[in-house]
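A look at the structure
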Amino acid sequence: MIFALLGKDLRKMWLLAIAFAVFSIVICAVLFQEDYIRESSYGSGAALIMSGMMLYMLVFGGLMNIEKYEEKHNGYKMMAVLPLPNSILVTVKYGILFVSTLVGIVYLLIVLKAFGVMENAFGQKLNYLLICGFVGLAANGLMYVGIFKHSYHRMRAVTMVIYIGMLIGPQLLHFLLQMRGDEAGFIRIIDSVPVIGVWLITAVSLAVYWGSCYVSIRNVRPEE
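Criteria and thresholds
Residues numbered from 1 in each chain as written. Predicted model: local features only at pLDDT ≥ 70, side-chain atom pairs only at ≥ 80, totals over all residues. Heavy atoms only, no water. Helix = DSSP H or I, 4+ residues; strand = E, 2+ residues; numbered from the N terminus. Buried < 20%, exposed > 50% of the residue type's maximum accessible area, 1.4 Å probe, protein only. Contact = heavy atoms within 4.5 Å. pLDDT = per-residue confidence, 0-100. Core = buried A, V, L, I, M, F, W, Y, C linked by side-chain atoms within 4.5 Å. Axes fitted to C-alpha atoms, helices over the stretch in contact; angles between N-to-C directions. Parallel < 35°, antiparallel > 145°, perpendicular 65-115°, else oblique. Left-handed = near helix turned anticlockwise from the far one by under 90°. Nonpolar A, V, L, I, M, F, W, Y, C, P; charged D, E, K, R; others polar. Expected span 1.5 Å × (residues − 1).

1. Quick word on the overall build of the chain
When helices and strands are counted, the chain shows nine helices and zero strands. Of the regular secondary structure in the chain, the N- to C-terminal order runs α-α-α-α-α-α-α-α-α. Expressed as a percentage of the 224 residues in the chain, the buried residues total 46%. Sequence separation of at least 24 residues holds for 84% of the intrachain contacts in the chain that already meet a minimum separation of 6.

2. As for the confidence of the model for the chain
Per-residue pLDDT for the chain has a mean of 79; in total, 76% of the residues score no lower than 70. Of all the helices and strands in the chain, helix α2 (residues 35-39) carries the lowest mean pLDDT, 53, while helix α9 (residues 195-219) carries the highest, 92.

3. Concerning the nonpolar core
Core analysis: the largest hydrophobic core is formed by 54 residues, its most contacted members being Tyr56, Phe60, Leu63, Tyr94, Ile105 and Tyr144. Secondary structure elements with two or more residues in this core: α1 (2-31), α3 (41-72), α5 (86-114), α6 (122-150), α7 (152-179) and α9. For this core, the element with the highest residue contribution is α3, accounting for 14 residues. Discounting residues that sit within four places of it in the chain, Tyr94 has contacts with Gly141, Tyr144, Val145, Phe148, Tyr209, Trp210, Ser212, Cys213 and Ser216.

4. Considering the side chain of Thr202
You can see Thr202 is positioned in helix α9. For Thr202, a relative accessible area of 5% corresponds to the buried category. The contact partners of Thr202, leaving out residues within four places of it in the chain, are Leu130 and Phe134.

5. Brief notes about the packing of α5 against α9
Relative to each other, α5 and α9 sit at 155 degrees, their axes nearing to 9 Å. Compared by their axis directions, α5 and α9 come out roughly antiparallel. Crossing of α5 against α9: the hand is right-handed. Residues Asn86, Ser87, Val90, Thr91, Lys93, Tyr94, Gly95, Leu97 and Phe98 of α5 form the contact with α9, whose own contacting residues are Leu206, Tyr209, Trp210, Ser212, Cys213, Ser216 and Ile217. Here the contact of α5 with α9 is built from residues that sort into nine nonpolar, six polar and one charged.

6. Some thoughts on α5
Since there are 3.6 residues in each turn of an α-helix, residues three or four apart along the chain are aligned in direction. Helix length check: α5 (29 residues) gives 42 Å between terminal C-alpha atoms against 42 Å at 1.5 Å per residue, within 8%. Remark: Gly116 follows α5 within two positions and exhibits a positive phi of approximately 70 degrees.

What follows is the structure, encoded as structure tokens:
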């Protein structure tokens, strides 16, 4: 039955996963086909921003796609009669987004490598994707606390505000740095975060995410 729950949610994500995969390839093919663009400070900054945006789209999109389906089909009311504890129901939701984040990070690294984007900057790409992926994951975890307690319908506006804010935040920062004539500023911001800082952000984000899972297990009301 657990695999049935996993399969149900994964089926709701497969179109999103295909769109994510295709969009990643198209973006790289269109924007980074010339060497001087791939290796310039502007191109490197754009590559980081676009990869972060695509990762947000995958993870936040997964949450919204799954929860819209549950809301439309009264999924939680139907699952309330299943002989499964709430902990399994909640953990499945959190587990799917966690795995999606890991797959998204690895896939984006492969695509950027295949197109020669930031060829000699694996550390920059990995650091930025780890920060984007797991900070976004933590935000999703906190959103799920509200969704399980109050329903997706009530939390939808908040979800969209956080999602849009995380999408445009890096772009806005990059634009402001360009306005000051500092094209490499965004790259320097990423470089200024030490490796231990990246792993600390990742660890804290994971703690928030799985802590949110625990809180959701304690507060979920699927029968309502």
